[in-house]
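Here are the chains, one letter per residue:
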Amino acid sequence: MAEVSMADIEATALRLGIDISSVDLDSIQRPPGEDFGIKSDDDEDLYQEDGFEMEAGFGNVIVVDNLPVVPPEKFEKLENVIRKIYSQIGVIRDGGLWMPVNPESQKTLGYCFIEYNTPQEAELAKEKTNGYKLDKSHIFIVNLFDDFEKYMKVPDEWTPAEIKPYVPGENLHQWLTDEKARDQFVIRAATFSEVFWNDPRQMMPELVYRRQYWTEGFVQWSPLGTYLATVHRQGAAVWGGATTFNRLMRYPHPQVKLIDFSPGEKYLVTYSSHEPNNPRDTHRVVLNIFDVRTGKVMRDFKGNVDEFTTGGSGGVSGVSWPVFRWGGGKEDKYFARIGKNMISVYETETFTLIDKKSMKVESVVDFSWSPTDPIISLFVPELGGGNQPARVSLVQIPGKEELRQKNLFSVSDCKMYWQGNGEYLAVKVDRYTKTKKSTYTGFELFRIKERDIPIEVLELENKNDKIVAFAWEPKGHRFAVIHGDGPRPDVSFYSMRSAQNTGRVSKLVTLKSKQANTLYWSPGGRFILLAGLKGFNGQLEFYNVDELETMATGEHFMATDIEWDPTGRYVATAVTSVHEMENGFHIWSFTGKLLYRIPKDHFYQFLWRPRPPSLLTPEKEEEIWKNLKKYSKKYEAEDQDVSLQLSEQDRKKRKLLQEEWDSWVEKWKRLHDEEREMRQWLRDGEASDEEEEYEAKEVEVEEVLDVKEEVVPFDLDQME
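Residues numbered from 1 in each chain as written. Predicted model: local features only at pLDDT ≥ 70, side-chain atom pairs only at ≥ 80, totals over all residues. Heavy atoms only, no water.

Under the annotation held in an unreviewed UniProt entry, the chain carries the name Eukaryotic translation initiation factor 3 subunit B and is attributed to Dioscorea cayennensis subsp. rotundata. Per UniProt, the comment on the chain under Subunit (unreviewed entry) is "Component of the eukaryotic translation initiation factor 3 (eIF-3) complex." According to its UniProt record, the chain has this under Subcellular location (unreviewed entry): "Cytoplasm". (UniProt positions renumbered as here; feature names shortened; annotations may be inferred.)

Structure, rendered in structure tokens:
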């Protein structure tokens, strides 16, 4: 491809009626799918051929046609009207609004060019204002500037469309059919991202896919495990496939920092924060909601960072992440965000507010969805200096009816925990004592599925104990609490049922003085890992809640992360690059047996691949449980084969060691024979090397220890 000179660009701009001096060349992006033969300088392109191409061209410029034709004296007024309309959609660049003028009549030509900061803003402006009625005679016709070139390429003569043969897509769930029923995980270490099978019977993982510079930030599985997402400077991408990981879709969003999937994987939310041009302004936030399969932007949200900081912190620039919380279970019907004195709930059929208005809730500070039902729980703190009590409310969506409300007094803080099936809601309430010099904690337990939603109050035996951690048993009726102020807190287990009454909470057991500050229930329930991270340096205790007994204890020194596999059979503990030493991960069985260790320098992430819910009916699952021995015979035979295979491997290993030893002995024996004559010479001719063939003789040896010369004076008188 011939190189394009600046003179060519200026000539083309003049022909198209574009003032090149008003265009920021640094912002020009290629149209989607076009590279004009120019290799991107993106890392993704530098390191692999199928890289993440940068979008370019005039994608952020729109052409607005059918404007009034006005003389010079009305020019400024028309420009102000157009600027007011299009500034509501996005930020128009400095000098980015240009209306060409007829050089003969000095009147406008009836159209204008508007340049935005991003292609997303330009696309949104086209969607929202195409067909906009300025008055009876002037209805806007809006197109992207890039579209003109596309339309110019349309041939004059009609040709039938080429019908491509049907090519079936890859089975994105192929990994679920693994004959060994193994699970996958992804790790990120140094510049590599790697996907493995967890193969504990072989005491090692099996590599599935490995790629360098796969992401510029992090990797993330979708909630049902269908896709693996990566982030790049230009946006996000998802990957998947039957035998390898191919790129399935890209989602353009410059400088994307965070991503979040909807629970049913239908939508992907991307987030970025941009520094303002004026230092007095706050950061601008851009949020896009994409359809995962088509890559289409379903809705975008833009604004100052202040508009997205309500409801706590934990994201970027003080923004609470995720900004949008999804409700309605796996159907992805609703999403909501908290604002000042309101909760905005949107439905995904039209991506607009339910009833076209937000839900007004004075001073609301937090909310959360039921995991399974369209129910929102929300918390409002005390108002009016304590004259108006705090409250927790349950609200049904889409009707916005209040199902239940509980007033709470002397509240300093409140946190809500939903149980996995949406059957229970635990509200941890920190209250002030009468003197207001200290606080104590209690729990309000809502039974969501029961009539009128009864509420039960639970206080610990020592209500002044600090609550270190709380966790529901997944899809179960039990929960665990770590509590205490000392260096070794207690762990208590409770059930929402008791022996006599299924509607009463009861304590099961309290474990005293444990080195634990975090709780990790197995996804299948029944088992829990009590872990001591940070100050406890990776102490682990594997506990069976059914039998109320410890199965095993262990330690992963300096562990920073713990994650159960989706089946609850295995658990991974990891030391990430938070620490400079001991980086890597360990795989344990659910009973606490250490299966294998994998050291990895510069280790950043370990993520198990999630599994979708079982397609079996409850009746079929019950039948399998009843006939488990019949189904388990196949796996018992496989286990036996693996055991024999491991035994054979051990036998071969021992045989190899024996052969190495025999070879070493033979080598030194040969060397010994070769040096026989030298040894005989060193023994003064004695032939034998064997000690027992020698006689022991006593030999007297005279040895002069010292010689000293002394001069004696000679006396002649004595001689006479």
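1. Some remarks on the pairing of strand β32 (residues 478–483)
Most of β32 is tucked away: 6 of the 6 residues are buried. Here β32 shows two buried faces, one formed by Arg478, Ala480 and Ile482 and the other by Phe479, Val481 and His483. Direction of pairing for strand β31 (residues 467–472) relative to β32: antiparallel, over a ladder of 5 bridges. The residue bridging Ile467 from the neighbouring strand is His483, located in β32. Counting the residues that bridge the hairpin from β31 to β32 gives 5 residues, and of these Lys475 lies at a positive phi of roughly 60 degrees. Of the strand pairs in this sheet, β32 and strand β33 (residues 490–495) are connected by 6 bridges, and their pairing is antiparallel. (Buried < 20%, exposed > 50% of the residue type's maximum accessible area, 1.4 Å probe, protein only. Helix = DSSP H or I, 4+ residues; strand = E, 2+ residues; numbered from the N terminus. Pairing = 2+ DSSP bridges.)

2. Some points on the pattern of salt bridges
Tallied over the entire structure, the rule returns 31 salt bridges. Across the salt bridge formed by Arg182 and Glu206, the nearest N and O atoms sit 2.9 Å from each other. Separated by 24 residues along the polypeptide, Arg182 in the loop between α5 (145–152) and β7 (184–189) and Glu206 in strand β9 (residues 206–212) bring together distant segments of the chain. The partner of Glu444 in a salt bridge is Lys406, with the nearest N and O atoms 2.5 Å apart. In this pair, Glu444 sits in strand β29 (residues 439–447) while Lys406 sits in strand β26 (residues 401–408), placing the two residues 38 residues apart along the sequence. Three or more residues joined by partner-sharing salt bridges are found here, namely Asp178, Lys180, Arg182, Asp199 and Glu206. (Salt bridge = Lys/Arg side-chain N within 4 Å of Asp/Glu carboxyl O.)

3. With respect to the sheet that holds strand β37 (residues 539–544)
Pairing is antiparallel across the open sheet formed by 4 strands, whose spatial order is β35-β36-β37-β38. Here the strands that pair on one side only, and so sit at the sheet edges, are β35 (518–521) and β38 (549–555). Taken over all neighbouring pairs, the strand axes of this sheet differ in orientation by 20 degrees on average, direction set aside. (Axes fitted to C-alpha atoms, helices over the stretch in contact; angles between N-to-C directions.)

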